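Chain by chain, the residues run as shown.
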Amino acid sequence: MIISHKHKFIFIKTAKTAGTSLEVFLAQHCGPDDVLTLFDPPIEGHQPRNYEGFCNPISEILHVPFGPRSAWRCLLGRHERFYNHMPAWLVRLRIPPTVWNRYFKFCVERNPWDKVLSHYHMHAYRLDGALSLDQYFARGKFPINYPRYTDPSGSRIILDRVVRYENLIDELGEIFARLNVPFDGDLGVRKKGHFRTDRTPYQLVFSPQQRQIVERVFAREIQLHGYRFAQAPNPEAMAKA
């Protein structure tokens, strides 16, 4: 997560949406007073700063009395003032209203079926390949992002823009031009691209049951952004590409 006073933006990091690469890129253009949250493990080119500080979660709970239990756990479970993958509604509680209202707030979201497949490859890589797709689905731990860019109830998007991962470079180009962040169309880094060597499209990977599980688990994100399970690419065309 980044709060840039230099360029007047707030970047909310979501899961499996090039968030780490984007943060490392943006870190090169941030000022000394900007907030850059901690990575674990640390990443070269990204210097965390200004993320620590006191916060009173008890008083913050009073501001989300109708929030789900997950919101309360979020408040009570972390001790840093600002942290990686922090939800936008909590950032809003911890910064002055003038900053929240004046700064441009954005994140990135991704087609849930494609996102789940990328998430699977990441976990399989970390287990040296000892994780089948069926085992991954049996775990039931998926990269659900919408609580990070909606209000505590998950009913309303509270950011100015949710960038589509599928159109990442073009949309970032528009945003960076608005924010006066130098950008030549290339983030210059792909911090987690090595997790996935098999680029078979999700349409050709998931079983009908797995497809339905993703549709059910990510129903809110599908509703918010209109994502659909796209038609499968032509295997012969892919072989010629």
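Read on for a plain summary of the structure.

Rules of the game
- Residues numbered from 1 in each chain as written.
- Predicted model: local features only at pLDDT ≥ 70, side-chain atom pairs only at ≥ 80, totals over all residues.
- Heavy atoms only, no water.
- Helix = DSSP H or I, 4+ residues; strand = E, 2+ residues; numbered from the N terminus.
- Buried < 20%, exposed > 50% of the residue type's maximum accessible area, 1.4 Å probe, protein only.
- Contact = heavy atoms within 4.5 Å.
- Areas by Shrake-Rupley, 256 points an atom, 1.4 Å probe, with all protein chains shown as cover.
- Pairing = 2+ DSSP bridges.
- Axes fitted to C-alpha atoms, helices over the stretch in contact; angles between N-to-C directions.
- Phe/Tyr/Trp six-rings, centres within 6.5 Å; stacked < 30°, edge-to-face > 60°.

1. Things to note about the overall build of the protein
- For the protein, the count of helices and strands is 12 helices and five strands.
- Burial statistics for the protein: of 241 residues in total, 49% are counted as buried.
- Sequence separation of 24 or more characterises 68% of the internal contacts of the protein that already satisfy a separation of 6 or more.
- Carbon and sulfur atoms provide 51% of the accessible area of the protein, an area that totals close to 12900 Å².

2. Considerations on the sheet that holds strand β1 (residues 2-4)
- With mixed pairing, the five strands of this open sheet are ordered in space as β3-β1-β2-β4-β5. If you trace the sheet from one side to the other, it starts and ends with β3 (35-36) and β5 (161-164), each paired once.
- Where strand β2 (residues 9-11) lies against strand β4 (residues 104-109), three bridges are found, and the strand directions are parallel. In the strand pairing of β4, I10 is matched with K105.
- Running at roughly 150° to β2, helix α1 (residues 19-27) makes contact with β1, β2, β3 and β4 of the sheet.

3. Structural notes on the packing of aromatic side chains
- Scanning all chains against the criterion turns up 15 aromatic pairs.
- Where F9 meets F106, the ring centres are 5.9 Å apart and the plane angle is 55°; that geometry is what we call tilted. Linking F9 in strand β2 with F106 in strand β4, this pair joins segments that are 97 residues apart in sequence. Comparing F9 with F106, the two get one shared label, buried.
- With a centroid separation of 5.5 Å and an interplanar angle of 25°, the aromatic rings of F25 and F176 are classed as stacked. Highlighted residues: F25 in helix α1 and F176 in helix α9 (residues 168-179), separated in sequence by 151 residues. Each member of the pair F25 and F176 is classed as buried.

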